[in-house]
Each structure stands twice: as C-alpha cells, then as structure tokens.
Amino acid sequence: MRRIALTALLTVATVTATVLPAQAAPRPIAAEDREVVFTVDGTKTYGTLHVPAHRRGQRLPAALLLPGSGPTDRNGDQPPALTPGTLAKLASALGDDKIITLRFDKYGTGRTGMGAYGEHPETIDFPAFVRQAGAAYALLSGQPETDPRAVSVIGHSEGALTALLLADEVRPRPAGLALLQPQALRLLDHLAMQLHDQVAKATEAGQFTPEQQRVIDQAIDRAIADVRAGRAPDTTGLPAPLAQLFQALQGPNQRFVQTDDAVYPPDVARELRPGTRVLLTCGTRDPQVPCATTDALTRALRQAHTTGPGRVVLRGVDHNLRDETHPDVLAEDALAAVRAFTSRWRRGA
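Parameters and conventions
Residues numbered from 1 in each chain as written. Predicted model: local features only at pLDDT ≥ 70, side-chain atom pairs only at ≥ 80, totals over all residues. Heavy atoms only, no water. Core = buried A, V, L, I, M, F, W, Y, C linked by side-chain atoms within 4.5 Å. Buried < 20%, exposed > 50% of the residue type's maximum accessible area, 1.4 Å probe, protein only. Helix = DSSP H or I, 4+ residues; strand = E, 2+ residues; numbered from the N terminus. Contact = heavy atoms within 4.5 Å. Pairing = 2+ DSSP bridges. Axes fitted to C-alpha atoms, helices over the stretch in contact; angles between N-to-C directions. Polar contact = N/O pair within 3.5 Å; in protein donor to acceptor, adjacent residues only side chain to side chain.

*Asks:* Honestly, the nonpolar core in this entry has me stumped. Any pointers?
*Replies:* It is characteristic of soluble globular proteins that their nonpolar side chains tend to be buried jointly. If you look at the biggest cluster of nonpolar residues, it comprises 46 residues, and the most contacted ones within it are Leu-64, Leu-140, Leu-164, Leu-166, Leu-177, Leu-179 and Leu-272. At eight residues, helix α3 (residues 126–141) tops the list of elements feeding residues into this core. Discounting residues that sit within four places of it in the chain, Leu-179 has contacts with Gly-155, Ala-160, Ala-163, Leu-164, Val-278, Leu-279, Leu-280, Thr-281, Leu-297 and Leu-301. Of all hydrophobic cores here, the second largest spans 25 residues; its members include Ala-175, Leu-180, Val-317 and Leu-321.

See below:
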C-alpha cells in the first residue's frame, strides 16, 4: 500500500507541476532622467542622472561626466553663445550602451550658480571644483542601480584635469579615466600657447606686421609672468581684447587661476595607481588642445603603468568632439574611442 500511495503522490505532483502557468519574465524598468541635488561646501549642486532601461535588481556600469573650463554647464554648453551639447550628447550615447551617467552644473553655471561663494566669488579656488566633483562621484557610486566596481570618470578639457586629481581622492577608486581633449599643461601655459597661435594666424592674415607680432608675443609672456607671480599684469603693447582678457584674470578670478595653474597635469598622472585604465584623446582640428601638448601627459601615463587604450588621435575632430562633415553630432571616431574604453564594463553589465 505504501508503494502504491507513493507512486500515486508522485503522479499527482508531476501532473500538478505540468499545469502550473509559466512565470512571466519581469518587465524591464524604463530609462529615465532624474534631477538630482547634492550639497558640498554649503552649496546645493544640481545635476542630471540618466539611468538606462534595465532589469529590476540589475547593477550597471556608470560614468561621471566633468565639463571643461569657464562657465560650462552640465550639458557642455556656455549659453547663449556656445552650445555644442558635448556632455549631453555623450550621456545619450553612453545611455544607449547601458551606462548610467551623472552630469552637473558646476560652480558658476546653470541652476547651481555660485552658491555659497556668491557673496565672495574671489574666495573660490580650483580645489573647490574638485571637491564638488568628488561629491558627485559619491552620489553616482551610491545609486541602487550602479555597480560600484565599474564607475569611471570622463572629463572634457579642464574636466580631464579634475578627473586626474579626483582619481586618488575618492573611494571606491574609479575603474577608469577618460581624458577627452585634456588640459595637459599648466593653465597659463595653455593660455600663452593659444594666444601666441592666434597672433601668428592674425599675422599670416595681414592683421599684424612681423614686428608687431614680436612686440605682442613679448607682451603676452610678460603678462603671463605677472599673473603667475600674483601681480597685476602689465598690458602695455597688447591689443585691447587681449588686455581685457588679462584684466579678467584678476579680481574674483585670481585665486582660481593661480590654484589651477599650480597643477602640472603630468605630475598628477605619474601618481595614478598602476593598472588604472585610461583613455586620452586629442583632435587634429583642436586649436585649444593640439596633440603635441599631450605628449608629456602621455609619457607620464606610461610611467605610471596605466593600461589602455592610452592616447587616441582623432583625425579631423575639434575640441568639442565634432568633425566638419557632421558638426551637430559627436564624431564617430570619438564615440568609437569612448566605447573601446568602456567595453570592459559593458560586457560585464
């Protein structure tokens, strides 16, 4: 009887199991942009967190996007005059690759404004921007959808220098750094290089004589030395627009300029943890960061024993990662370089 009863029970169990309805696959959670707010040094910073479509409970790779110099906002714009949308377009492309992104309005831009520095803008310095980026990194790493082992930092122009400085200050350490058209020299050396280049081109166009060019070049070097030494720049011999530029480096901007200029990017790069994954791009149509200016930084990354992709030269690409053929979108070569950089984490997503 026991044997018969057991057989009957097994039969019933088998029949019962076969008639249960199949479990429906869980619906994916739709992609969304979230407006986020975080506070650092008494200032509320506003940003956009993009979370791609994903399965419930899934952890995705993530990237913090850092803007370039000047009043550049979360989208990579300086409205109304300059609106390439570099970071917004990069966030969209990374979202298509199932990578979470966070971009934010740094001090002096967008909804953030000057915040706690509003009444005393002369007190803000470059380290304040690094701390702001560090707070953004902590917010991104702590999101429930983020894989904390696969958080990278992608900095554009001056944002690349911020990324380098951030790498050894945050925990968990970034899984990788992408330095897109990076500030690879001291700030005032970059400025001098750009101004000398502009004067040379103006001379070629007949706007200055060779003798006038020589006088202006000497005046630029003298004014750079004054700013670096903390003196009011001597603008004698400079065309009015250049004189105004050097005057703008004083007053509320002086502390920031001096603290940024004090950092030599290759020195920071040499201190990166061995094995750090790094991408460095430069564009052959980029007058702001010519590829030659990244030579010392590239050598420093090798000396630090970082891993690839390393430096990638983008043919025909400008400072905002565009080419002449399709100026309204990111260049295909630029996107390919970023996707090669993120491929390791995308495969694990």
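*Asks:* Explain the sheet that holds strand β8 (residues 307–314) to me, please; I cannot follow it from the model alone.
*Replies:* Strand pairing in a sheet is mediated by backbone hydrogen bonds. Such pairs are either parallel or antiparallel. Strand order in the open sheet formed by eight strands is β1-β2-β4-β3-β5-β6-β7-β8, with mixed pairing between adjacent strands. Strands at the two margins of the open sheet, each flanked by one partner only, are β1 (32–40) and β8. Ignoring which end each strand starts from, the neighbouring axes of this sheet average 20° apart. As judged from the five bridges shared by strand β5 (residues 146–156) and strand β6 (residues 176–180), these two strands associate in the parallel manner. Residue Ser-152 lies in a different strand from β6, and its bridge partner there is Gly-176. Contacts from α3 reach β1, β2 (43–51), β3 (60–66), β4 (100–104) and β5 within the one sheet, and its direction differs from that of β1 by about 130°.

*Asks:* Hey, could you run me through the side chain of His-50 in this one?
*Replies:* On the secondary structure map, His-50 appears in strand β2. You can call His-50 buried: its relative accessible area is 17%. At a separation of 2.7 Å, a polar atom in the side chain of His-50 contacts the side chain of Asp-33. Among residues more than four places away in sequence, those in contact with His-50 are Ala-31, Glu-32, Asp-33, Gly-95, Ile-100 and Thr-101.

*Asks:* What's the story with the side chain of Thr-306 in this structure? I'm lost.
*Replies:* By the element assignment, Thr-306 lies in the loop between α10 (295–303) and β8. A relative accessible area of 18% means that Thr-306 is categorised as buried. One polar contact links the side chain of Thr-306 to the main-chain carbonyl oxygen of Leu-301, over a distance of 2.9 Å. Those residues in contact with Thr-306, other than ones at most four positions away along the chain, are Leu-272, Gly-275, Thr-276, Val-278 and Leu-301.

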